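# Structural characterization, general
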Amino acid sequence: MSFGTLDLAVVGLNHTTAPIAVRERATVRDDEREAILAHLRRHAHEVMLLATCNRTEVYLAGIGGDPLSAFEGSWGHLLREYLYVYQGEEAARHLYRVSSGLDSLVIGETQIQGQVKRAWQDASKRGDTAALLNKAAQGALSAGKRVRFETGLSDKVVSVSSAAVDLAHQHLGDLTGRTALIVGAGETAELTLIHLKAAGVQDIIVVNRTAERAQQLADKLGGRACAHEYLQEVLPEADVVIASSAAPHYVLGASGVADALKERPERPMMLIDISVPRILNPDISTLPGAHLFNLDDLQGVVSRNLASRRAALPQAGRIVDEAVAELVRWQDFRQSHGLARPAAQDARLPTACD
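Anyway, here's the lowdown on the structure attached to this text.

## Overview of the pattern of salt bridges
Enumeration over the complete set of coordinates arrives at 21 salt bridges. Across the salt bridge formed by Arg55 and Asp103, the nearest N and O atoms sit 2.9 Å from each other. Placement of the pair is Arg55 in strand E3 (residues 55-63) and Asp103 in the loop between helix H4 (89-99) and helix H5 (111-125), with a sequence separation of 48 residues. Assigned by exposure class, Arg55 and Asp103 land together as buried. Between Glu90 and Arg93 there is a salt bridge whose closest N-O contact spans 2.6 Å. Separated by three residues within a single helix, Glu90 and Arg93 lie in helix H4, roughly one turn from each other. Each of Glu34, Arg41, Arg126 and Asp128 takes part in salt bridges that share partners, so that together they form one network.

Encoded structure:
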């Protein structure tokens, strides 16, 4: 396999290559993370795992073997038809575009910058990065900052959270006087609450498995906190439910929503699941009066938002290209001075005698 001057590869799937039902099969659960990484370490000297609501990607440096096989073997699913793989400079370009928000469902969104930073920091703490991935990750974060500050691409940009609120507005009309219920209390839930407030929603219920976290978010931004075990009691109040939490199973299904709808006759309920894996059972969509949406349903909202920022894309692309060229020059210098160790010298990778 030829990598040019950069022994770097990325393999993964995202919202453009796989529907949400497939993306769920490649999520990274906390209890599976170490097993996934252990498998990936057999294929590369350096490993960085980036998992968000719309993508799961593995960055490999010092590669031994096939990145596609490494990815499929780590999750134990046949995913090849949904996977992309980039090598060498193209792998770096992909990482830099991701960090800049150019490969996101919501072009120009800023959350991904922090997600890339955390993925790199986590990999570094585990000892899974060395010179090349460290340099590439730092370059990606720097390129992302330049894109945002120099192009205006992130000016008035929507996020997945704001797109969900916009979708609610499209279907329900004026949200003033409506009651919203947020399932989750993390960063995305916080952004959702902010956008709901901006849309005129005053009555917001925050439900979380940890009641203390729900209370903290409600106190911080204004809302009512509710422990998860009381979800069914408050659900009938909700005109719109936005779910943005991580859970190993569905937290709400058709039977629970049906019971809630009985207590609000002639008043439909809109439910938007922006979690991956989904935590609202798809069987909810079979209920009259329940209107269920997921991340893939936000495409129309975000594509309209992109039109106003399209003029910034060429400049953003040039910034990414400049940053990739700088990485290549750095690696060429290392190779020419014998500073870049070939992957075959890494004792962690299998040899022909293994």
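## Some points on the nonpolar core
In terms of nonpolar packing, the biggest core is built from 37 residues, with Leu8, Met48, Tyr59, Leu95 and Tyr96 touching the most fellow members. Among the nonpolar cores identified, the runner-up in size contains 34 residues, and Ile20, Val165, Phe293 and Leu298 belong to it.

## Here we look at the sheet that holds strand E4 (residues 84-87)
Read from one edge of the open sheet, four strands run E2-E3-E1-E4, paired in antiparallel fashion. Taken across any chain shown, the strands that pair with only one partner, and hence form the sheet edges, are strand E2 (44-52) and E4. Averaged over all neighbouring strand pairs, the angle between strand axes comes to 15°, with direction disregarded. As paired strands, E2 and E3 are joined by eight bridges and run antiparallel to one another.

## Concerning the packing of aromatic side chains
In total, this model carries two aromatic pairs according to the counting rule given. Here Phe71 and Trp75 contribute two aromatic rings whose centre-to-centre distance is 4.4 Å and whose plane-to-plane angle is 25°, an arrangement assigned as stacked. In this pair, Phe71 and Trp75 are both assigned in helix H3 (residues 67-75), four residues apart and thus about one turn of the helix distant. This pair shows no difference in class: Phe71 is buried, exactly as Trp75 is. Look at Tyr84 and Tyr86: their rings are 5.7 Å apart centre to centre, the planes differ by 35°, and that puts the pair in the tilted class.

Conventions used here
- Residues numbered from 1 in each chain as written.
- Predicted model: local features only at pLDDT ≥ 70, side-chain atom pairs only at ≥ 80, totals over all residues.
- Heavy atoms only, no water.
- Salt bridge = Lys/Arg side-chain N within 4 Å of Asp/Glu carboxyl O.
- Helix = DSSP H or I, 4+ residues; strand = E, 2+ residues; numbered from the N terminus.
- Buried < 20%, exposed > 50% of the residue type's maximum accessible area, 1.4 Å probe, protein only.
- Core = buried A, V, L, I, M, F, W, Y, C linked by side-chain atoms within 4.5 Å.
- Pairing = 2+ DSSP bridges.
- Axes fitted to C-alpha atoms, helices over the stretch in contact; angles between N-to-C directions.
- Phe/Tyr/Trp six-rings, centres within 6.5 Å; stacked < 30°, edge-to-face > 60°.

By themselves, these observations are geometric and do not establish any function.
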